[in-house]
Every structure is written in C-alpha cells, then in structure tokens.
Amino acid sequence: MARRVPMFHAPRRAGRRRRLSWAAMGCAPVLVLGGTLLGHEIGDRHDSGVRLAANSEITLIGHGLGHGRGMGQWGAFGYAKQGWSSAQILSHFYGGTTAGKVDNPPVTVVLTERDVVNVHADAGMRVGNQVVAPGQAVRLSGSTATITAGCGGAVVSTVTAPNGLVSPVNAGANRPANEWLKFCGNNDAFRGSLGYNPSGDVINVLSVDDYVKGVTPREALPVWGDQGGTEALKAQAVAARSYVLAAMNRGKVIDDTQNSQVYGGASGEDPRTNAAADATAGQVLNGTDGKPAFTEFSSSTGGYSAGVGFPAAVDDGDALSPNHNWTAQVSAASIGSAFGVGQLTDIAVTKANGLGAEFGRALEVRVTGTGGTVTVTGDQARTKLQLKSAWFSIAGQPKPQIVAPSAGVSSGSGPAATLPGDISIPGLGSLGSVSDLVNAATTAIAAKVAELGGTNGALGQALGPVLALPGLPGAVQAFQNGNVYFSQDTGAHALIGQALQAFLAQGAQLVKGFPAADQLN
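About the cut-offs
- Residues numbered from 1 in each chain as written.
- Predicted model: local features only at pLDDT ≥ 70, side-chain atom pairs only at ≥ 80, totals over all residues.
- Heavy atoms only, no water.
- Core = buried A, V, L, I, M, F, W, Y, C linked by side-chain atoms within 4.5 Å.
- Buried < 20%, exposed > 50% of the residue type's maximum accessible area, 1.4 Å probe, protein only.
- Helix = DSSP H or I, 4+ residues; strand = E, 2+ residues; numbered from the N terminus.
- Contact = heavy atoms within 4.5 Å.
- Pairing = 2+ DSSP bridges.
- Disulfide = S-S within 2.5 Å.
- Salt bridge = Lys/Arg side-chain N within 4 Å of Asp/Glu carboxyl O.
- Polar contact = N/O pair within 3.5 Å; in protein donor to acceptor, adjacent residues only side chain to side chain.

A. Molecular detail of the nonpolar core. Counting 40 residues, the largest nonpolar core has Val138 and Tyr211 as the members making the most contacts within it. The greatest single-element share of this core, amounting to 7 residues, is contributed by helix H4 (residues 230-249). Setting aside residues no more than four positions away along its own chain, Tyr211 makes contact with Val107, Val109, Leu206, Val244, Ile254, Gln261 and Tyr263. Of all hydrophobic cores here, the second largest spans 24 residues; its members include Tyr79, Ile89, Leu221 and Ala235.

B. Region of the structure containing the sheet that holds strand E12 (residues 181-183). The 6 strands lie next to each other as E10-E9-E8-E5-E12-E13, forming an open sheet whose pairing is antiparallel. Looking at the sheet topology across the chains shown, the edges are occupied by strand E10 (155-160) and strand E13 (189-190). As paired strands, E12 and E13 are joined by 2 bridges and run antiparallel to one another. Opposite Leu181, over in E13, you have Phe190 as the bridge partner.

C. A look at the state of the cysteines. A full pass over the atoms with the stated rule returns 1 disulfide. Note that Cys151 is cross-linked by a disulfide to Cys184, the S-S spacing being 1.9 Å. Since a negative S-S torsion denotes a left-handed disulfide, the Cys151-Cys184 link at about -75 degrees is left-handed. Here Cys151, found in the loop between strand E9 (144-148) and E10, pairs with Cys184, found in the loop between E12 and E13; they are 33 residues apart in sequence, far enough to count as distant. Overall, the relative accessible area of 41% leaves Cys151 in the partly exposed class.

D. Quick look at the sheet that holds strand E24 (residues 467-468). Spatially, E24-E25-E26-E27 is the arrangement adopted by the 4 strands of the open sheet, whose pairing is antiparallel. Every interior strand has two partners, whereas the edge strands, E24 and strand E27 (491-496), have only one. Pairing of strand E26 (residues 482-487) with E27, which is carried by 6 bridges, proceeds in the antiparallel orientation. What sits directly across from Val484, in E27, is Ala494.

E. View of unusual backbone geometry. You will see that Asn104, though not glycine, has its phi angle at about 65 degrees, which is positive. Inspection of the secondary structure assignment puts Asn104 in the loop between strand E3 (98-101) and strand E4 (106-110). We note that Gln386 has phi near 55 degrees; this positive angle belongs to a residue other than glycine. Summarising the element assignment, Gln386 is placed in the loop between helix H7 (378-385) and strand E22 (392-394). Its relative accessible area of 73% is what places Gln386 among the exposed residues.

F. Main features of the pattern of salt bridges. The final tally for this structure, using the stated rule, is 14 salt bridges. Note that Lys448 and Asp518 form a salt bridge whose closest N and O atoms lie 2.8 Å from each other. With Lys448 in helix H8 (residues 434-451) and Asp518 in the segment after helix H10 (508-512), the pair connects residues that are 70 residues apart, well separated along the chain. What makes Lys448 buried here is its relative accessible area of 7%.

G. A look at the environment of Lys81. Checked against the element boundaries, Lys81 lands in helix H1 (residues 73-81). By relative accessible area, Lys81 is classed as partly exposed at 45%. Taking the C-alpha atoms as reference points, Lys81 and Glu231, separated by 150 residues in sequence, lie 8.5 Å from one another.

H. Here's a closer look at the side chain of Asn323. Structurally, Asn323 can be placed in the loop between strand E17 (297-298) and strand E18 (326-331). Taking the relative accessible area as the measure of exposure, Asn323 reaches 9% and is therefore buried. A distance of 2.7 Å separates polar atoms of two side chains, one belonging to Asn323 and the other to Lys388.

Structure follows, in structure tokens:
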C-alpha cells in the first residue's frame, strides 16, 4: 500500500467509513556514498549499551515523514525551487523508469464516505439511454434509478440503470463544471459517473486525467505553484497517474484514502494543480516491463529515499521539509507495553540501511524486557511507537549492522540516469556517444578496481553498473566503499571515505570536475 503520513487533517465529514482527507506532504546533483557507512556485525550481542530504568525516557533521533519510498514530495518542491524540471525530479526519485504515454483510460474509485447515490447536475444527466433534465435528481437503488423533481422532490419516473451508473449528459473527459454530478445535500461535485460496484460501495468512474485533478491538490500543496514549485506539482501529477494505473494492474481496489491516494473529486480541485495535471496529460513513468510503474511517494524522505522499489536517492531538496529532522522522547514503560515485553531492559536498532545521518533507516529493531525479546522491522517499530518515519536511531547505542537497500542506490541525479546509446553529449570528443562512453568507462573502471585489489580490495563489491552522468562527458560506478569516476580527460579514479564525502558536499562533478587522482582516505 502507498500509505503517506499527513501534515494536517481536513475536517472529516460524516460517513460510514472514516476518510483521512489531508494533503500528504511530507541541487547540486551528487552521487551516493559507498561502503564508508558499512558497520560491524551485531551477531548475537544483546546489550545495546543504553542503560534503562523503569522511568527512563529514550531519545529517538529521526528524519522524514512517511515511508520514504520513491519520490519525497518536499524534496520535489525543494528541487523545483532549485530549477529542476518535473522530468528531472521524476528521474531522480524513480531510477530505472522511462517516460511513457497513456490514452486516458478509466479509473474506478470507491468513495468511502458515501452510502447513497442521490445526485443532480446543472446541465442534466443520463441513466443508460434516459436523459435526466436539468433540475431533476436521480436516486439509485441497485439497478433501479428513481428520477425526482429535484433532490427530495416528487417522483417523476423510475427507469433501469443498466450499468448501475448515473453519468454526465455528455460523455468524455474534462467536461465543464455544469456537467459535473453533485450529491444532494452538500453539493460535492465529481467528474465522470457515480454508482455502485457489485459489493455495494459507492464508486466514481472517470478518466485517469480527470482523476489526477482530484488527487494532486490532496497529495501536494497547491500553494507551491506560487512559490517556485510548479514543476513539483507536475511531478506529483505524473506520479499519481502512474501509481493508480500500476495499482489497478496489480488488482488493487482504488479508494479515496491514503490506502490508495487521497482523492477529493472536483470539489477539491485547485487551478494550480489542475494546470499541472493538464500540462502532463497522459504522461506516466513506465517500468522495465513497459507498463506504468508503481510510483509510491511520501511526504518527506529526510534526505534519502528508502531504496525500496526504486534505487535510494539523495534528497537534498528535502531540507525545506518541516520534518527533515526530528526527535522524540519515548518512555521505557510505553515501549515495553507497546511491544509486550514487560519492563523494558534494552532496545536497539540492530540493522539499518546506512544511508544518511544516524546510520539511515532502521531495518531491524530488537526490544528486550523482563517478559522476553521481540525483533521487528523498522517499519513495524515505527507503527508501534507512532513515529514519523522508520529513519530513526536510539541515542547512545552503538553502530548497527549496515544492510544495503533492497533496490540498491542511485548513482546519479537530476536528468535521466540512463540515456539511449546513440545520444551525443557535448565534450565526449572521440567517444562520440553515450554507449561509447559507457564502454570506455567500463574498461577503465575495471582496471582501476583490479589495481586497488579487486572486489576484496579498497573499493569492495560493485553496487550497480557503470552509468553515464546525464549531460556530462563522464561516468561513475558505485562500490561498497566509494565511487569510481571516469572521463576521457582524467581517466578512472576512486574516491573513498572522507574524500568522497567532501567531494559530494562541495557539489561533486558539476562543481569540482572529475577527479584527477585517487583519494582513498
């Protein structure tokens, strides 16, 4: 599921099920650190070094808001303010995807706050082949449609709704506001058709581009469009469109909550996010199978995306997030109770992904008390302790075991990390094209690895393939303990440890150029 933690709650209306109706919000391109973050094995050691008493308070140091998978919404905003395009933002967070286009297919959304379909429209409606005049309303009951003289008025006629839907008077996407269907009572408006699914849920059936207009203002802040963040809103629109199509391909039931994407219908739309949706109409990100990618996103990555589903990416744009850094004080008694271990005697993050401050996201947490020991994932611990994210550490504990993210680590940022081999880049000289560059870099980097002792030497194992640096006459490969950079002018050189960290902090190759010598400290 694509759960996103909200920044704030909008007022909740009455309904049979609670809908969390909120906006879920939470550069110098750089390359990732390698194995300078690798730690020792925890093994069977059960003492974290944190001394506890019954009334102890544990300090947790954390970063970000939400699961951190895929795009960070605050990071997208930060990068947009730095001048990045929506395509650059999307490529940065969703490594390995390619731009695609769809023909505006339909989406079916369960409206979790609705029990009854009783609607009207200024321009009239249709039920099957029956035209419903302006001023009349339709109340559905199964496949029966009762047409009334206005909401709650006298019955005009009863007809069959063959598909169980009430539809706009004119078919098609992006219909004008007078054709939107409105619920009797509160006049909440929706594009497309309204009706019931076989389970009896109220549903809204509409085109995906219309759907995105109802999602984007609930999943991003429209005001960003006035603050230099228009490209972030466009990136959000593409991510929302890709996500819902991928989710449907997986058989997921789409609803209007954070279990899918928060959706508010036409009444929740905003001109700024509508402009972003229109500017990206039909645009999606495709995975390696050529189908829309499952583009999860969350409010704030804390400075590094999680590396689940897509390669982990540095997120310098997230510095603007109000949840970029946080701390929490949790009592020993509440931790012991939450995990059912009795009086707490020890708690430790035993595995983390090693990306960013405080060893990165917690992957495994061990909780010990007088009633036993429980080992859970970082996400489970986050839920139990009601934390903002799983990127947290416990003040005073030693370094955990570092485990690389399941999807790996991105070696590029900004424009697309992979480019067609026949594209020419200024400065490549005799290498000619990207494919020539990658081939030359692969040979040179392999020689450098061998010179430094092979996979058991200073660099360690490779974390990914050789990648051309978008728009630049060079390439890079990430290793456990550092990166190796290549350009035709400088050859291949390795940066490890503090040298690599300093290189990244100073703007990496865009500012410093390509390294002309190895720096292994």
